[in-house]
Every structure is written in structure tokens, then in C-alpha cells.
Amino acid sequence: MDRQPWIILSAGDNVAVATAPIAEGATVAGVTTRQKIDPGHKVAISDIPIGTAVVKYGQAIGRTTADVKAGDHVHSHNLHFENDRLAATANSAPEEASAEDRARTFMGYRRADGRAATRNYIGIIASVNCSTTVCRAIADEANRTILPHYDGIDGFVPIVHDQGCGMSSTGDGMNVLHRTLAGYTRHVNFGGVLMIGLGCEVNQLTLYGQSGAGASKRHFNIQDAGGSRRAVERAMGVLREIAADVGREKRVPMSIGEIIIGLQCGGSDGFSGITANPALGVAADLLAAAGGTAILSETSEIYGAEHLLRSRAVSDDVAKKLDEKIAWWEDYVALHGASLDNNPSPGNKRGGLTTILEKSLGAVAKGGRSPLTAVYGYAERVTAPGLVFMDTPGYDPVSATGQVAGGANMIAFTTGRGSCFGCRPAPSLKLASNSALYTSMEEDMDIDCGSIVTGDATISGKGREIFELIVDTASGKKTKSEIFGYGDNEFVPWHLGATL
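Calculation criteria
Residues numbered from 1 in each chain as written. Predicted model: local features only at pLDDT ≥ 70, side-chain atom pairs only at ≥ 80, totals over all residues. Heavy atoms only, no water. Pairing = 2+ DSSP bridges. Helix = DSSP H or I, 4+ residues; strand = E, 2+ residues; numbered from the N terminus. Axes fitted to C-alpha atoms, helices over the stretch in contact; angles between N-to-C directions. Core = buried A, V, L, I, M, F, W, Y, C linked by side-chain atoms within 4.5 Å. Buried < 20%, exposed > 50% of the residue type's maximum accessible area, 1.4 Å probe, protein only. Contact = heavy atoms within 4.5 Å. 1 Å grid on protein atoms, 1.4 Å probe; cavity = no way out; pocket = protein on both sides within 12 Å on 5 of 7 lines; lining within 4 Å. Points joined across faces, edges and corners; volume = space filled by probe spheres on them. Nonpolar A, V, L, I, M, F, W, Y, C, P; charged D, E, K, R; others polar. Polar contact = N/O pair within 3.5 Å; in protein donor to acceptor, adjacent residues only side chain to side chain. Parallel < 35°, antiparallel > 145°, perpendicular 65-115°, else oblique. Left-handed = near helix turned anticlockwise from the far one by under 90°.

Sheet strands line up and pair through hydrogen bonds in the backbone, either parallel or antiparallel. Taken in spatial order, the four strands of this open sheet run E13-E12-E14-E15, and their pairing is parallel. Either end of the sheet is taken by a strand with one partner, and the two such strands are strand E13 (155-159) and strand E15 (217-221). Each strand of the sheet is rotated relative to its neighbour by a mean of 20 degrees, with strand direction disregarded. Examined bridge by bridge, strand E14 (residues 190-197) and E15 share five bridges and lie parallel to one another.

In terms of nonpolar packing, the biggest core is built from 100 residues, with Tyr184, Ile259, Ile261 and Ile466 touching the most fellow members. Per element, the largest residue contribution to this core is eight residues, and it comes from helix H6 (residues 276-289). What Tyr184 contacts, discounting residues up to four positions off in sequence, is Ile125, Ile159, Phe190, Val193, Thr401, Val404, Ala405, Cys423, Arg424, Pro425 and Phe491. Counting residues in each nonpolar core, the second largest holds 29 residues, with Ile124, Ile138, Phe220 and Val232 among its members.

With that settled, consider empty space enclosed by the protein. Tallying each qualifying case throughout the model produces two cavities of 30 Å³ or more. A volume near 50 Å³ is recorded for the largest cavity. Around the largest cavity, the lining residues are Tyr57, Cys265, Ser268, Asp269, Ser272, Gly273, Asn277, Leu353, Glu358, Lys359, Gly362 and Ala363. A per-element tally of the lining of the largest cavity places helix H10 (residues 356-363) first, with four residues. Partitioned by chemical class, the residues of the lining of the largest cavity number four nonpolar, five polar and three charged. There is about 40 Å³ of room inside the second largest cavity.

Spatially, E1-E2-E5-E8 is the arrangement adopted by the four strands of the open sheet, whose pairing is antiparallel. Here the strands that pair on one side only, and so sit at the sheet edges, are strand E1 (6-7) and strand E8 (73-74). Where E1 and strand E2 (residues 15-18) come together, two bridges link them in antiparallel fashion. Residue pairing for E2: Trp6 is matched across the bridge by Ala18.

Below, the discussion takes up the side chain of Ser481. Within the fold, Ser481 resides in helix H15 (residues 480-484). Overall, the relative accessible area of 4% leaves Ser481 in the buried class. In terms of polar contacts, Ser481 uses its side chain to reach the backbone carbonyl oxygen of Ser428, at 3.2 Å. Non-local contacts of Ser481, meaning those with residues more than four positions away in its chain, are made with Phe421, Gly422, Ser428 and Tyr486.

Here helix H3 (residues 172-185) crosses helix H11 (residues 396-405) at 55 degrees, and the two axes come no closer than 8 Å. Classified by the angle their axes make, H3 and H11 are oblique. Viewed along their axes, H3 and H11 form a crossing whose handedness is left-handed. Residues Thr180, Gly183 and Tyr184 of H3 pack against Thr401, Val404 and Ala405 of H11. Split by residue class, the contact of H3 with H11 holds three nonpolar, three polar and no charged.

So, about the environment of Val453. For Val453, the position within the fold is in helix H13 (residues 451-454). Judged by relative accessible area, which is 23%, Val453 ranks as partly exposed. Distance from Val453 to Asn434, taken between C-alpha atoms, is 7.9 Å for residues 19 residues apart in sequence. Excluding anything up to four places from it in sequence, Val453 contacts Thr19, Phe271 and Thr275.

Moving on: the pairing of strand E6 (residues 53-56). Along E6, one buried face is formed by Ala53 and Val55 and the opposite face, lined by Val54 and Lys56, is buried too. Linkage of E6 to strand E7 (residues 59-64), two consecutive antiparallel strands, is achieved through a turn of two residues, within which Tyr57 is found at a positive phi near 60 degrees.

Trans is the prevailing form of peptide bonds, just as negative phi is the prevailing case for residues other than glycine. In this chain, Arg424 is followed by Pro425 through a cis amide linkage whose omega measures 15 degrees. Residue position: Pro425 is located in the loop between strand E21 (410-415) and strand E22 (428-432). Even without glycine at this site, Ala379 takes up a positive phi of about 65 degrees. Structurally, Ala379 can be placed in the loop between strand E19 (372-376) and strand E20 (386-390). A relative accessible area of 0% places Ala379 in the buried class.

Here it is in C-alpha cells:
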């Protein structure tokens, strides 16, 4: 028997989602389609009068701008954003973790301060835009001349950016930049760090307390070194000393409860909230049950579904912090004459997503069903176990940068349109929401979640497959983005405040 090319996600929905092309005149849930429906797009399964809520996932995703007949294509031409919320239903239990799940270990690096690393990189970190070219030159030279002597070092990584000067020394902009860079200088996946400044910038090296920090944490200014070429030469001597220390590190067994994974989605489509995101949510639940941490972020892309997270908060204080983040974003976008419904992107809409409410309902599925234990500001150090939330923009490189600065030693990234991404020093897994994408971009995608749509896999089963790959990757298995070489250009701190 052929499988039906559509799915209804909740008993209260008044639309179905096409899982394959549906021709005009076909039958969907007992109604006849009035137009062709592309995969990932919505079709009305009952009449929806003008001004009525369109319901998907059991939640309102907007209101109709015209009378919609049963069988009509429902999208941007007849559906628009309206700030509706339907009451959150009772929370279902997280994916059940067995005793064996909770006892799992991975092979990681044990740092001197007790933290667990999944990689053993050495970071070359720029304090300011003026030192970025030198940092890249240092990393290139170190990878060419030093790395071949140390099998235990994963590489020398340039962490460069376009900030650090031409900005106020106080205020949100400087605070965020400092917090982000400080998070990278202490990141557990960096066994050693060399930070390079120019010398006259606002973001002085002395702010990072590196002097006397030991053989694996060093810094100097280009001006003090006598210029760019001499700075590279000086760096080679410093890095040989650091490498001699870092290169001795060996992987040892440790609990998966020490994995901190950042949850990301980009280039979402109409399948993301049906396949890859909920499957990643299952993996996040299993990790949380074992004492690990999953960081959900992208505040502008959970807008419209924040009440679902709020209902899972472990305390009123956690719920209040989430409310404050949402209120800040509403004020922030209004100040700039924008709306949070400027999202979804054109690519999202071609994939079937119409409003931010619809996108958000799918996006929060990455967080599984575990209780929300804490809420953090951008790039703040994450210390709570379980599912936590970090306030970040929806723009993937900026969001992931904040998660890594906060301590994520892995990233899991779902995509329906084919986002290419890496985020060194944290290995990044790519999860395709549909099989067509996986087939066309297999060299970039680690897992095909499209088999959920065809019925060849379940959300729970695919979630466990992701969970197993998380453990293997934490133990050293290279991701597709690592194999290609992504990760040197994806460090993008959130830029707040005036440029002076």
C-alpha cells in the first residue's frame, strides 16, 4: 500500500502538510485539493473563513487574509502573522532514557580544571580587527610547520572578527564582545590559546587576565613585537612551547553528562519541524537525562512559541527571565522600525514556512520535552545541566558563537535548505530535514532525517541515531564540516552598540 503524501501534525489542526508533491484534484484528509501543493507546504482540510486562526502543531500560526476553502493552498498569499497564542497543552514526558543511556561514556580530554573536552585545538585569538591578518598568518604557519609533529593536536584555529576598536569602552557592545572572547579563551576544546592584539585598541589584552596564566595561555601585541612579520616569528616560538604541553593530552573515558551541545537550525523548511528538529529534541532529552546540557537559543526564532517553553520552566524565576528576553526583543526590533515577523527568510518561505509563529513552533522542537532549567544572556557561561536557553539572535553564526562562548563543546545544526556551517573549536553535526537535501548535499550532511516523512524511521528512532552520533563525535569521529574545513570564518560575535 502506498503511503499518503501528507501528514496532520495534531488533532486540532485545520491544515495538513504535504510530504511529497500533491497534484490539483488529489484527495487529502477527505478533501479535494484546489491547487498543486509542493512538499513542505500546507493545504486546508476544512474551510477557514477570513480572520480565522490557522492551526498547525495544535497552535495558531497566524490568521487568514481571505476566505480559504477546504483543499486550498495556505501560504503567504492568504495567511499573515498575528500575535496569537493558544493555550499550551499539558507537557508530555521527555524521551525515556534507560539506565544504559544514563551510564554512557565518551572518550574525551580531561583538562586540569576538571572540564571535559571533545577536541584538542590551539586557538589563535584576535583581540581586534587590526590583528586578524596576523592571526591567520600565525595559524597557517603553525599548521604547516608545528602541527605535523603532534598527532594529538587537532589544529591551530584563527578566531578573528571585525570589532575591538571604534567602539565605546563601556556599554552593551563592549560587554558582549569581551564576554564572547573571554569565553573562547577559556573554551575547553582549546588546550592552549595565544591571543594577539595590535596594542592601541580599545579592547586591550590586559582585560583578559592572560599574563602569568601558564604555558598554555599566552598573549602579546604586534606593536611590541616590532611589526607583523616579527609577530608571526615570535608566535612560532610561543606556540612550540604551548604545543609541547598540549600535545601530550590523551583521550580518556568520561560521562556523557559532561557534553554541552548547542542546538541550532538554519535554512529551515516545512519539514524541519516534523523531522530533524523533533528528532534532535529526542537526542537532547536523552543527553539531559544523563546529566548533560542542551542549549536552545535563537530568541527571535522561538517568538510565538515561548509560552510552550515557559510552561516547562522549573521555577517562576526561570519563566520570568524568559519573558524578559522576549520583551527586550520586542522593544529592540521596534526601535529599529522592524518586526519579529520579518523572519522567516525567502528561503524558509519557499520551503513552506509562512510566519514566524509557524517557524518558531518547529524550532522549539529541537529542545525536546525536558524541563527548562535556566536562562542565560548571550555568551554567558552555562553551568546548569538539562535543557537551558541562551538569548541570541536567530542568525546562525552569531547564535552559535554565543553558545560556544558559553561552553558548548559540540553543535547540532538542523537544516532543510542546505546551510553549510562549522564552528571550531566545537564540532558541528548537520542534520538534513529531507532526503532530497541529504542526497544532493551528502558531503555536508551527517544524518538524513527525511526517512521520518516516508515512514522508514520514527522520530524516536532517528533521535537515538543522532544521540549515538553525538557520542561518537564527542569521542573524535569527524563531522562532515570538519572534514571539509569549516570553522575558521564562522566566529561572529553579536555586534551591539554604536560604531564610533
